[in-house]
Amino acid sequence: MHLSRIRLDSPITMSIVVAVTLLAIIAIPLFWERWKRKLLWRSVTILCAVVSIVVTTGLAGNMIGGFFPTLGSLLGTGVYAADSIDAETSANGENLEVVREVGAAHAKEGKGTVVHMKVTGRRTQLTRDVTVYLPPQHFDPAYKNLRFPAIEWIPNYPSGPEVVTDGYKLPEQLDAAIAKRVLPPVVVLMPDPTGVPKIGHDTECVDEVNGTANDTYLTADLREWALQKLGVAADRKAWTFAGWSSGGYCAMNLVTRHPQWYGQAVSVSGYDRAQMDAETEDLYKGRRDVDDANNVGITVRLHPSPVDILAIWGENEKFEGAAAELIRTGVRSPVRFSSWKVPDAGHNMNTFKSQIPEILTWIGAHTTSPATVGRQVETTGGVQPWPLPRSGAAGALADLEQ
């Protein structure tokens with residue numbers, strides 16, 4: 001059994017951990033005198049009790065906050081598994097047709113289909129996990145000549161796509177929103193924004209100086225791939241970024257950096273610039289200009305574009321609230337910025353999950369509906385990524401010059 005099968009949000013898991021903790025605590029007075037001359041055993045008993053208490057406290061906090069559904073999503077193992085996917089396809093979705101039968105069956109029940117695959121970016125040559133939600137209408141012959149709007153849903157660090165399907169329960173929320181007609185049928189991409197290793201490598205979805213081109217992969221590469229493979233619309237207003245915590249920052253940063261490709265961003269508990277802490281490597285190598293180029297507040301002030309941004313934060317999230325207000329202060333037309341504060345809420349996934357229905361309604365009011373197939377727009381232009389990937393830099397530069 002691999003780590004992504006071990007549930008951290010299960011009452012059974014919690015009960016087992018609590019029982020082990022109680023036994024470890026009881027063992028201290030029970031064996032203390034008996035092991036009077038065995039210092040090692042006394043030390044092991046105390047250590048087990050302390051570790052058990054820490055694990056119990058952490059597990060209880062995780063269940064209350066709803067942060068990580070599985071041990072794999074917590075540790076960022078890089079080995080994908082999720083109970084909530086319906087099918088696995090070959091690399092880049094080359095055999096995507098294999099899901100048509102199960103998709104058609106789901107469509108009769110008003111359910112979308114969740115598919116997982118590995119996607120390699122044409123420019124960056126990065127290969128990462130991507131889970132895709134295909135709406136019921138994707139398998140309806142009446143929609144075969146239509147292109148669907150798209151959402152890129154960025155998981156919070158250090159999680160991957162499984163936290164969106166298992167933790168957020170997003171596919172069920174999408175089914176409900178589409179059925180209620182508050183959201184048009186949409187294709188949702190749930191990529192891994194980090195890759196491996198995850199621990200100690202929070203990429204913040206940016207192109208690292210002399211490092212990994214995460215921005216380029218999540219924008220230019222995935223968008224081009226989705227246009228070719230998933231039947232999505234090319235219109236920038238048909239594309240939305242969304243996410244919680246680090247994913248919220250990613251959403252706002254990527255949309256404001258690439259308004260030629262994206263029209264909307266939704267951030268819950270996000271912030272205005274990449275956070276430099278113990279989990280984040282030195283992304284910019286001292287380059288202040290690159291740091292500023294990934295600062296949402298600076299971008300909306302100095303390079304405003306016709307994008308819609310929704311920022312949401314909890315009443316107890318002082319840092320995130322201050323960041324949202326800083327962005328609001330910098331907003332210049334034609335940027336449109338709206339926000340709301342969730343009462344009695346803090347920085348946890350439950351705050352985010354409580355807002356998903358409203359988020360989907362907001363996206364539905366701002367994105368486009370499925371549209372007739374038309375001319376595909378050029379996808380190799382736009383903002384030049386910084387830096388170009390170390391490998392294949394000449395090829396990537398040729399792409400940009402097309």
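Remember, it's a predicted structure, so these values are computed and weren't measured experimentally.

Peer 1: Describe the UniProt feature "transmembrane region" (unreviewed entry) in the protein chain, listing the residues and the values that go with them.
Peer 2: Under the UniProt annotation, the feature "transmembrane region" (unreviewed entry) is placed at residues 12-32 and 44-68. Taken end to end, residues 12-32 is 100% helix and 0% strand, and its first and last C-alpha atoms sit 30 Å apart.

Peer 1: Can you explain the side chain of Arg128? Please cite residues and give values.
Peer 2: Take Arg128: it is sitting in strand S3 (residues 127-134). Buried within the structure, Arg128 lacks any salt-bridge partner; its nearest side chain of opposite charge belongs to Asp192, at an N-O separation of 5.6 Å. A polar contact is formed between the side chain of Arg128 and the backbone oxygen of Thr194, at a distance of 3.3 Å. Ignoring sequence-local partners within four residues, the contact set of Arg128 consists of Met117, Lys118, Val119, Asp192, Pro193, Thr194, Gly195, Thr212, Asn214 and Tyr217.

Peer 1: Can you explain helix H11 (residues 318-330)? Please cite residues and give values.
Peer 2: In a regular helix each residue adds 1.5 Å, so 13 residues correspond to 18 Å; H11 covers 19 Å between its end C-alpha atoms and thus fits that length. Against helix H8 (246-257), helix H10 (296-302), strand S9 (308-314) and strand S10 (336-342) lie the buried residues of H11.

Peer 1: Any chance you could break down the sheet that holds S9 for me, citing the residues and the numbers?
Peer 2: Each strand in a sheet pairs with its neighbour through backbone hydrogen bonds, running either in the same direction (parallel) or in the opposite one (antiparallel). A sheet is described by the order of its strands in space; here 9 strands give the open sequence S1-S2-S3-S6-S5-S7-S8-S9-S10, paired in mixed fashion. With partners counted over all chains shown, the strands left at the sheet margins are strand S1 (87-88) and S10, one partner each. Sheet topology places strand S2 (residues 113-120) next to S3; 8 bridges connect them, and they run antiparallel. Bridged to Thr120 within S3 is Thr127.

Peer 1: Break down the state of the cysteines for me, with residues and values.
Peer 2: Taken as a whole, this structure holds 1 disulfide when the rule is applied. Linked covalently through their sulfurs, Cys205 and Cys250 form a disulfide whose S-S length is 2.1 Å. Across the S-S bond linking Cys205 and Cys250, the dihedral sits near 85°, which makes this disulfide right-handed. Here Cys250 lies in helix H8 and Cys205 lies in the loop between strand S6 (187-191) and helix H7 (214-229), a separation of 45 residues in the sequence. Just as Cys205 is buried, Cys250 falls in that class too.

What counts and how
Residues numbered from 1 in each chain as written. Predicted model: local features only at pLDDT ≥ 70, side-chain atom pairs only at ≥ 80, totals over all residues. Heavy atoms only, no water. UniProt positions renumbered as here; feature names shortened; annotations may be inferred. Helix = DSSP H or I, 4+ residues; strand = E, 2+ residues; numbered from the N terminus. Buried < 20%, exposed > 50% of the residue type's maximum accessible area, 1.4 Å probe, protein only. Lys, Arg positive; Asp, Glu negative; His and termini not counted. Salt bridge = Lys/Arg side-chain N within 4 Å of Asp/Glu carboxyl O. Polar contact = N/O pair within 3.5 Å; in protein donor to acceptor, adjacent residues only side chain to side chain. Contact = heavy atoms within 4.5 Å. Expected span 1.5 Å × (residues − 1). Pairing = 2+ DSSP bridges. Disulfide = S-S within 2.5 Å.

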